[in-house]
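Close look at the chain arrangement
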Amino acid sequence: QVRLVESGGGLVQAGGSLRLSCAASGRTLYAMGWFRQAPGKEREFVAAINWTGSTSRYADSVKGRFTISKANAENTVYLQMNSLKPEDTAIYYCAADTSRGVVLRAELYDWWGQGTQVTVSS
């Protein structure tokens, strides 16, 4: 059984920073990603990273502000979020898969965390 546990969410003012963590347990996972869902909106892709951590992809809306990284020894993925905007407010979900490449589509991920709330005030 795979378990993903996110942490690091919270309330921050616009322009501030947060670092989300997602710790995986149960088996070795490869591709990992972050998605988010704002109230009344569909879940959307934020960032993804491959097995080795050598390749990452970002949504245009967060490019240049967010950085995804991976600590394989800890089976943990991080999302550093800088220059936060009110429109970044959402529940952020971690996802994982046994693929070795970068996975962009939510339906391709096998496991999901419970989500962590990020609220950015103006």
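See the structure above.
Here's what I pulled together on the structure shown here.

Cut-offs applied
Sequence order as written defines the numbering, with residues in each chain counted from 1. This being a predicted model, a pLDDT of at least 70 is required before a residue's local features are given, and a value of 80 or more before pairs of side-chain atoms are given or counted; all residues contribute to the totals for chains, interfaces and linings. For the side-chain quantities, the full set of heavy atoms in the structure was used; hydrogens and water were omitted. Here, nonpolar core means buried Ala, Val, Leu, Ile, Met, Phe, Trp, Tyr and Cys residues that are tied together by side-chain atoms lying within 4.5 Å of each other. Burial classes: relative accessible area under 20% of the type maximum marks a residue as buried, over 50% as exposed, and values in between as partly exposed (1.4 Å probe, protein chains only). We count a stretch as a helix when DSSP gives it H or I for four or more residues in a row; a strand needs E for two or more, and each element gets its number in order from the N terminus. Whether two residues are in contact is decided by their heavy atoms: any pair within 4.5 Å suffices. A strand pair is defined by DSSP finding two or more bridges across the two strands. Where helices are involved, their axes are fitted lines through C-alpha atoms of the stretch in contact, as for all axes, and angles between N-to-C directions lie from 0 to 180°. Just to be clear on terms, a salt bridge is a Lys or Arg side-chain nitrogen sitting within 4 Å of an Asp or Glu carboxyl oxygen. Here, a disulfide means two cysteine sulfur atoms that sit within 2.5 Å of each other.

Residues L4, M32, W34, L79, M81 and Y92 are the most contacted members of the largest nonpolar core, which totals 35 residues. For this core, the elements supplying multiple residues, two or more each, are β3 (18–25), β4 (31–37), β5 (44–49), β7 (66–71), β8 (76–81), β9 (90–97) and β11 (116–121). Excluding residues within four positions of it along the chain, L4 makes contact with C22, A23, A24, L29, M32, C94, A95, A96, W111, W112, G113 and Q114.

Our focus in this paragraph is the sheet that holds β7. Pairing within the open sheet is antiparallel, and its four strands lie in the order β1-β3-β8-β7. Each edge of the open sheet is held by one strand with a lone partner, namely β1 (3–7) and β7. Sheet twist, expressed as the average angle between the axes of neighbouring strands with direction ignored, equals 15°.

Here we take up the pairing of β7. Looking at chain direction, β7 and β8 are connected through six bridges and run antiparallel. By the bridge assignment, A71 is partnered in β8 with T76. In this structure, the hairpin formed by β7 and β8 is closed by a connection of four residues, where N75 is found at a positive phi of approximately 50°.

So, about the pattern of salt bridges. Here the structure, examined in full by the defined rule, presents five salt bridges. A salt bridge links R36 to D88; the shortest N-O distance between them is 2.9 Å. With R36 in strand β4 and D88 in the loop between β8 and β9, this residue pair connects regions lying 52 residues apart in the sequence. The buried category is assigned to D88, whose relative accessible area is 0%. Where R65 meets D88, a salt bridge forms, and the shortest distance between an N and an O atom there is 2.8 Å. Taken together, the residues span a long stretch of sequence, with R65 in the loop between β6 (56–58) and β7 and D88 in the loop between β8 and β9 at a distance of 23 residues.

So, on to the state of the cysteines. Taken as a whole and assessed by the stated rule, the structure comprises one disulfide. The disulfide bridge from C22 ends at C94, spanning 2.1 Å between sulfur atoms. Disulfide C22 to C94: torsion about the S-S bond roughly -75°, handedness left-handed. Residue C22 is found in strand β3, and its partner C94 is found in strand β9; the two are separated by 72 residues along the sequence. When sorted by exposure, C22 lands in the same class as C94, which is buried.

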